[in-house]
Amino acid sequence: MNLLITGGAGFIGSHFIVDALKKNHSIVALDNFSTSNKDILVKIKEASGKDFIFYEADISDKSKLREIFSTNEIDLVVHFASLKSVTESVFNPILYYRNNVGGSLILLETMQEMGVKKIIFSSSASVYGSSHLSPISEECSLNPISPYAQSKVIIEKILNDMTTCKHDFKALNLRYFNPVGCHESFLIGESSKKEPSNLFPIICEIANGKKSHLSIFGNDYDTHDGTPVRDYIHISDLISGHISAIDWLNSSKKNISSINLGTGSGYSVLEIVNVFNSFLDRPIQYEYSPRRPGDSGIVFANNSLAKSELKWSSTQSLEKMCKDSWIWHSKD
Ligand code: NAD
Ligand code: UD1
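Residues numbered from 1 in each chain as written. Chains lettered and ligands numbered in written order. Predicted model: local features only at pLDDT ≥ 70, side-chain atom pairs only at ≥ 80, totals over all residues. Heavy atoms only, no water.

Caption draft 1: Structural view of the layout of surface pockets. There is about 290 Å³ of room inside the second largest pocket. Lining the second largest pocket we find 16 residues, and of these Thr 163, Phe 169, Lys 170, Lys 254 and Asn 255 sit closest to its centre. Secondary-structure elements contributing two or more residues to the lining of the second largest pocket are helix 6 (147-165), strand 6 (170-176) and helix 8 (235-251). If you tally residues by element for the lining of the second largest pocket, the top one is helix 6, at three residues. Residues belonging to the lining of the second largest pocket are distributed by class as follows: five nonpolar, seven polar and four charged. (1 Å grid on protein atoms, 1.4 Å probe; cavity = no way out; pocket = protein on both sides within 12 Å on 5 of 7 lines; lining within 4 Å. Points joined across faces, edges and corners; volume = space filled by probe spheres on them. Helix = DSSP H or I, 4+ residues; strand = E, 2+ residues; numbered from the N terminus. Nonpolar A, V, L, I, M, F, W, Y, C, P; charged D, E, K, R; others polar.)

Caption draft 2: Looking closely at the environment of Ala 57. Inspection of the secondary structure puts Ala 57 in the loop between strand 3 (53-56) and helix 3 (62-71). If near-sequence neighbours (up to four positions away) are discounted, Ala 57 is found in contact with Leu 30, Asp 31, Asn 32, Lys 64 and Ile 68. (Contact = heavy atoms within 4.5 Å.)

Caption draft 3: Structural context of the site of ligand 2. In the neighbourhood of ligand 2, 19 residues make up the surrounding shell, with Leu 199, Ser 215, Arg 230, Arg 292 and Asp 295 lying closest. Residue Arg 230 places a side-chain N or O atom 2.7 Å away from an oxygen atom belonging to ligand 2. When isolated, ligand 2 has an accessible area of 730 Å², and the protein chains bury 87% of it. Elements with a contribution of two residues or more to the shell around ligand 2: helix 7 (199-207) and strand 8 (214-217). Per-element accounting of the shell around ligand 2 gives the leading share, four residues, to strand 8. (Near = heavy atom within 4 Å. Polar contact = N/O pair within 3.5 Å; in protein donor to acceptor, adjacent residues only side chain to side chain. Areas by Shrake-Rupley, 256 points an atom, 1.4 Å probe, with all protein chains shown as cover.)

Caption draft 4: Broad picture of the site of ligand 1. Residues in contact with ligand 1 amount to 28 residues; listed here are only the nearest, Ile 12, Asp 31, Ser 36, Lys 84 and Tyr 148. A distance of 2.8 Å is found between an oxygen atom of ligand 1 and a backbone nitrogen or oxygen belonging to Phe 11. In the environment of ligand 1, an oxygen atom lies 3.5 Å from a nitrogen or oxygen atom belonging to the side chain of Ser 82. Protein coverage of the free-state accessible area of ligand 1, which is 820 Å², stands at 95%. Contributing elements (two or more residues each) for the shell around ligand 1: helix 1 (11-22), strand 2 (26-31), strand 5 (118-124) and helix 6. Looking at which element gives the most residues to the shell around ligand 1, the answer is strand 5, with three residues. Taken together, the residues of the shell around ligand 1 break down into 13 nonpolar, 11 polar and four charged.

Caption draft 5: Region of interest: helix 2 (residues 40-48). Among the residues of helix 2, Ile 40, Leu 41, Ile 44, Ala 47 and Ser 48 are the ones counted as buried. Seen along its axis, helix 2 keeps its buried residues to an arc of 130 degrees; they face one direction. Looking at the buried residues of helix 2, the elements they touch are helix 1 and strand 3. Directly beyond the C-terminal end of helix 2, a positive phi value near 70 degrees is found at Gly 49. (Buried < 20%, exposed > 50% of the residue type's maximum accessible area, 1.4 Å probe, protein only. Arc of directions from axis to C-beta.)

Caption draft 6: Summary view of empty space enclosed by the protein. The tally for this structure, following the rule as stated, stands at one cavity of 30 Å³ or more. Put simply, the largest cavity is a space of about 40 Å³. In terms of lining, the largest cavity is formed by Val 180, Gly 181, Glu 190, Phe 200, Pro 201, Ser 325, Trp 328 and His 329. Elements that contribute at least two residues to the lining of the largest cavity include exactly helix 7 and helix 11 (318-329). No other element matches helix 11, which puts three residues into the lining of the largest cavity. Counted by class, the lining of the largest cavity contains four nonpolar, three polar and one charged residues.

Caption draft 7: Structural detail: the packing of aromatic side chains. Taken as a whole and judged by the stated rule, the model has six aromatic pairs. With a centroid separation of 5.0 Å and an interplanar angle of 40 degrees, the aromatic rings of Phe 200 and Tyr 232 are classed as tilted. One end of the pair, Phe 200, is in helix 7; the other, Tyr 232, is in strand 10 (residues 232-234), and 32 residues separate them in sequence. Ring centres of Phe 276 and Phe 279 lie 5.7 Å apart, and the angle between their planes is 45 degrees; this geometry places the pair in the tilted category. Owing to a relative accessible area of 0%, Phe 276 belongs among the buried residues under this scheme. In this structure Phe 279 comes out as partly exposed when scored by relative accessible area, which is 22%. Put simply, the rings of Phe 200, Tyr 232, Phe 276 and Phe 279 touch in pairs and so form one group of aromatic residues. Across from the ring centre of Phe 52, 5.4 Å away, lies the NZ or CZ of Lys 45, which sits over that ring. The residue whose ring lies beneath Arg 291 is Tyr 221, and the NZ or CZ to ring-centre distance is 3.9 Å. (Phe/Tyr/Trp six-rings, centres within 6.5 Å; stacked < 30°, edge-to-face > 60°. Lys NZ or Arg CZ within 6 Å of the ring centre and 35° of its normal.)

Right, here's the structure in full:
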């Protein structure tokens, strides 16, 4: 298919482009490089052995989007472009609503104008909030507790409304749990311009001496070791879910709007630290600190819808997730 990828220079977008090119999809990608670096473009070509069209563009720039849609044939949009820091969104909600919601509206308006009727949207497990018992299924209520998560809920609702009122419009929200790891080529991985705030990149920064120790946010949760449990998913598994979602969107007649992408298994912070320690030369130093506001004790996915609809399941072990993350970050 002819795919337009927004946020194609980012962590997930870049991995998606490599695998989509390998599957012989034609790729047009755009990014404004607000959180990513231009050198990723060469790496994507190297890792895939293929070429693609790229525009430096913002999803809020309607005239540029019109140019992109009218110059290239596009069958489906995979929409990764977004700001994604929960903490930053709490300090600057307008930025998040303008960039994520405002930008998506302009993208959707232009798609409508140009007759493009299929979209896969990067949503997040954060739409569920912190009150559900895991495993969390797609039927659970949405209780976003940050402007970032709320921006995802709003875009999901806009897409649901569009599919309801226009019967030939098809959209699928993929709700990611915690993506980690890097591409099998080790040419691309997570490399944001921003300070890392997620567990895996922070552990890797401690391992390569950039940080002294890990603050574990809480050891008084109702989990087997008191530290919070999450559903970490290897980036290669997350991407294979997207490749399956393209086929699903083309063939399924079912009225399903959102699908979880998680492994269905949860691991605690201490378990993650122990896996890293099993192959690192020096153990990760850590101390316990208070709970991070907005965190839950246990979050992992019910992924039965992904299994039954997308014919997808995760394949990569926790050890591989930790090792790949470390190999990628140790190159810094
Ligand atoms: P990322 O920050 O690495 O990539 C996002 C890309 O979008 C960046 O290259 C950035 O420059 C670009 N971008 C942002 N605003 C833009 C705009 N207005 N116009 C054009 N480009 C713009 O993030 P990622 O980890 O690759 O995440 C991709 C998507 O997945 C995002 O929508 C994110 O919210 C969602 N998501 C990510 C995670 C995760 O842990 N990585 C978890 C759940 C959901
Ligand atoms: C966070 C976001 C979520 C987003 C996801 C991926 C919050 C509340 N949630 O999820 O919306 O979709 O990232 O970008 O920010 N931890 C520590 N010490 C650290 C860092 C993390 O103990 O220095 C713990 C956290 O408490 C958590 C686990 O490690 O229990 C994973 O944290 P993180 O990688 O930030 O992901 P989430 O909080 O699950």
